[in-house]
Amino acid sequence: MTDNHQQPAARRGLTDNEIRATIYFAVGVTSESGENPFRLAVAGDNPRTPRIEVAANSGYTFGTVQIDLGQHYQPNVRGGENVPADLVNAYQAWARQSRQAAVLTPAEAAEAISDLGRQGHEINRQGGTDLDPDVRRRLNGFLASDAGVTWGHNRDVAQVEKLMDNAIEPLRRSQLYRNASEDDQVRLVAMVAKVYNQNENEAGPILNTIARGGYRGVDQVSNAIGAISSSRTDYLEEGRDKALQGARVVNALRNSHPGNPLHAAWDNVLDNPLVRPNRLDRDPQHPNLPGEYGTVRRLFANYQQALPFIDALDRGGSYQQAQLSREQPGRFVSNGVYASGNNFVTWDTRGNGHAYLNGGWSAIDRDDLQRVNRGNGVIDLNMDRGGGPKCLLTVDPRMPALRPGQRRADLSLDGDGAPGVGHVEQAALGRINGVLAADGRWTPEQCDNISAQLLCRHRLDSPGLALERVAIGHPTATGEVHVFAMHSPSGERGPHFYSHVEAGQAARVPASQSYEQLAQIGAQQSQQQSQQQTQGQGGQDAPSRGGHRMG
């Protein structure tokens, strides 16, 4: 007898390279190293103080996935790991060959290996004593060199493969993973790889519970990681949250519109997500890889900008987020992104970036860029390399998008979405959030809260006016910090309209509450606009616009 019942199609599931990319970019770039993988670091340390502050038992780390030297230091075990010695030996070989730095003496080398092999608790017991400053400077010089990048990246690749074998393979065999959507698989990979990379011992019980079917969903795994430590400064919980931010960028790129130029860039990066970052120009099959890889990596390093930026390019719309110089009007500081239609420009905090314009890639330098405000929300991004300014792209919120938009729940940085808030408001929230996050004074949750409150204030004060600039004021005599949203309908000459909120107060208002208020404001203003149009037909004057005016 023939069984005509068709079995449901099996889920494709994530490919090995999608998983490796999630580990390398979401865990490595977003939650670990950011834009600074090629130097020694200590988790929790404030580099501006002479003593080392550590997070839990973390020691010295390096690389994109931040390999902890103290966790790979077994000098008294036959055949045991000794990555501190491997690093010092690699430095010695480079110093002898390149002659760019002095070779360490045997005593200096032995002391450096011992210091690098300390874990966090031992560093604390020794009063937070750092490496010899000159030795640290020389080791950092090696790690930033071509030979050092290659050496460090090879260690990154080995660590990613270790995570694939020891953490991800057990996860993939679980019913939890097999039943999960691909977006949730990305989240599971990011969380499990992150906690294992931070502390293998603490990750063990999580993996065991997953294997025996003890968790019913992604949230239960997340909660279990959050419950490992009861400390107020829980580095495992903070690490999980950062890795999930990176996972949202992975999913936004995976699910991007085929017309979005980042869609093809992500596919090309996926062909070899562990490519050596100092050999991007040597792949004849991917001639644009320097721009594609560089742009993708910047999105994970500056994840606050990534989601609204990707969304704008999905729609073929516009988006801008960049911090302007106070000393040089129209010039930029820190990192930035601009998008218009299918064109975009991105750069990192050091000013290195790429432009994708009319289907072609090119390298750009932030110092050559200038922002020109043409008024009414219209912004030109110009480049001047000595032959006069050339307009790269124009951000005009009035221009229709090239493609229909698709509402995604992951557009807000906290992942909960902004109910009733459309694409324009999402872009504005992302713009405010990017400035706040780059400043570094507030947690991600506080950035979300302040952003939502400021946008509400701006919509109430200046209905119908685009949000063009965001600025953070200097602390007042009483310690208050005000965040400003600005609009200049006539460009740089003014007048300038602004709204502001006090950051401390705004940070305490849940973003979800402000989202509801924002939706109500939008509905009320739409109703008022309809009434005014009806009244206008009878010859009545329209009311004047609000907002504080300066200049």
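Residues numbered from 1 in each chain as written. Predicted model: local features only at pLDDT ≥ 70, side-chain atom pairs only at ≥ 80, totals over all residues. Heavy atoms only, no water.

K.L.:
How do you make sense of the packing of helix α13 (residues 289–301) against helix α14 (residues 303–315) when you look at a structure like this?
P.N.:
A pair of packed helices is captured by two measures, namely the crossing angle of their axes and the spacing between those axes. Where α13 contacts α14, the axes come no closer than 5 Å and their chain directions differ by 120°. Side by side, α13 and α14 meet where L299, F300 and A301 of the first sit next to Y303, A306, F309 and I310 of the second. For the contact of α13 with α14, the residue count by class is seven nonpolar, no polar and no charged. (Axes fitted to C-alpha atoms, helices over the stretch in contact; angles between N-to-C directions. Helix = DSSP H or I, 4+ residues; strand = E, 2+ residues; numbered from the N terminus. Contact = heavy atoms within 4.5 Å. Nonpolar A, V, L, I, M, F, W, Y, C, P; charged D, E, K, R; others polar.)

K.L.:
What's the story with the pairing of strand β8 (residues 360–365) in this structure? I'm lost.
P.N.:
Note on strand geometry: in a regular strand, side chains alternate between the two faces of the sheet. The sheet contact formed by strand β7 (residues 352–357) and β8 spans six bridges and is antiparallel. Directly across from L357, in β8, lies its bridge partner G360. If you look at the hairpin formed by β7 and β8, you'll find two residues sitting between the two strands, and N358 has a positive phi there, around 55°. (Pairing = 2+ DSSP bridges.)

K.L.:
Would you mind going over the confidence of the model for the protein with me for this structure?
P.N.:
Detail in the predicted coordinates should be disregarded across regions flagged by low pLDDT. Confidence in the prediction of the protein, expressed as mean pLDDT, is 87, and 87% of residues score 70 or more. Mean pLDDT across the elements of the protein ranges from a minimum in strand β15 (residues 548–550), with 50, to a maximum in helix α12 (residues 261–270), with 98. For the stretch residues 1–10, pLDDT sits under 50, and the model shows zero contacts to residues farther than four places along the chain or on other chains. Low pLDDT, under 50, characterises residues 407–420; the stretch is placed with 38 contacts to residues that sit more than four places away or in other chains. (pLDDT = per-residue confidence, 0-100.)

K.L.:
Sorry if this is basic, but what is going on with the sheet that holds strand β2 (residues 60–62) here?
P.N.:
Adjacent strands of a sheet form backbone hydrogen bonds with each other and so pair up, either parallel or antiparallel. An order of β1-β2-β3 is seen for the three strands of this open sheet, with the pairing classed as antiparallel. Of all strands in the sheet, those bounded by a partner on one side alone are β1 (41–42) and β3 (67–68). With two bridges connecting them, β2 and β3 associate as antiparallel partners. Following the sheet pairing, F62 is matched in β3 by I67.

K.L.:
Would you take a moment to explain the pattern of salt bridges for this structure?
P.N.:
It is possible for side chains of opposite charge to pair when their charged atoms get near one another. Tallied over the full model, the rule gives 22 salt bridges. Across the pair D130 and R136 runs a salt bridge, and its minimum N-O distance is 2.9 Å. Residue classification places D130 among the partly exposed residues on the basis of a relative accessible area of 25%. Notably, a salt bridge pairs R240 with E237, separated by 3.5 Å at the nearest N-O pair. With R240 and E237 both in helix α11 (residues 235–254) and three residues apart, this pair spans about one turn of that helix. In this structure, a network of salt bridges that share partners links the residues E18, E182, D183 and R254. (Salt bridge = Lys/Arg side-chain N within 4 Å of Asp/Glu carboxyl O. Buried < 20%, exposed > 50% of the residue type's maximum accessible area, 1.4 Å probe, protein only.)

K.L.:
Could you clarify how one ought to interpret the packing of aromatic side chains in this entry?
P.N.:
Each aromatic ring pair is specified by the distance between its two centres and by the angle formed by the two planes. All chains considered together, the criterion is met by 18 aromatic pairs. Ring plane angle 85° and centroid distance 5.2 Å describe the contact between Y24 and F25, whose orientation is recorded as edge-to-face. Note on accessibility: Y24 and F25 belong to one class, buried. The rings of Y24, F25, W266, Y293 and F300 are connected pair by pair, giving a single aromatic cluster. (Phe/Tyr/Trp six-rings, centres within 6.5 Å; stacked < 30°, edge-to-face > 60°.)

K.L.:
I would appreciate a short explanation of α11 in the present structure.
P.N.:
In an α-helix, one full turn covers 3.6 residues, which means residues spaced three or four apart are oriented alike. For α11, with 20 residues, the first-to-last C-alpha span of 28 Å sits near the 28 Å given by 1.5 Å per residue. Burial of α11 is extensive: 16 of the 20 residues sit out of reach of the surface. (Expected span 1.5 Å × (residues − 1).)

K.L.:
What is the right way to read empty space enclosed by the protein from this model?
P.N.:
It is a probe the size of a water molecule, rolled over the atoms, that shows where empty space is left. Enumeration over the complete set of coordinates arrives at four cavities of 30 Å³ or more. Contributing to the lining of the second largest cavity are Q66, I67, D68, Q71, H72, Q159, L163, Y196, N197 and E200. The set of elements that each furnish at least two residues to the lining of the second largest cavity consists of β3, α6 (146–172) and α8 (182–198). Classifying every residue of the lining of the second largest cavity gives three nonpolar, five polar and two charged. (1 Å grid on protein atoms, 1.4 Å probe; cavity = no way out; pocket = protein on both sides within 12 Å on 5 of 7 lines; lining within 4 Å. Points joined across faces, edges and corners; volume = space filled by probe spheres on them.)

K.L.:
Got a minute to help me understand the sheet that holds strand β11 (residues 390–395) in this structure?
P.N.:
Ordered by their spatial adjacency, three strands build an open sheet running β9-β10-β11, and the pairing between neighbours is antiparallel. Of all the strands in the sheet, the pair left with one neighbour each is β9 (369–375) and β11. Each strand axis lies, on average, 25° off the axis of its neighbour in the sheet, ignoring direction. Note: β9 against strand β10 (residues 378–383), six bridges, orientation antiparallel. Residue pairing across strands places N373 opposite I379, the latter belonging to β10.

K.L.:
Got a minute to help me understand the packing of α8 against helix α10 (residues 218–226) in this structure?
P.N.:
Look at α8 against α10: their axes get within 10 Å of each other, and the N-to-C directions meet at 15°. Overall, the two elements α8 and α10 adopt an arrangement that is roughly parallel. Crossing angle aside, the handedness with which α8 passes α10 is left-handed. From α8, D184, R187, L188, M191 and V195 reach across to α10, where they touch V218, V221, S222 and I225. In the contact of α8 with α10, the residues fall into six nonpolar, one polar and two charged. (Parallel < 35°, antiparallel > 145°, perpendicular 65-115°, else oblique. Left-handed = near helix turned anticlockwise from the far one by under 90°.)

K.L.:
Can you help me understand unusual backbone geometry in this one?
P.N.:
Most peptide bonds adopt trans geometry, and most residues besides glycine take a negative phi value. Unusually for a residue other than glycine, A56 sits at a positive phi of about 55°. Among the secondary structure elements, A56 is positioned in the loop between β1 and β2. For A56, a relative accessible area of 37% translates into the label partly exposed. Within the chain, R99 stands out as a residue other than glycine whose phi angle is a positive 60°. Structurally, R99 can be placed in the loop between α2 (83–98) and α3 (106–116).

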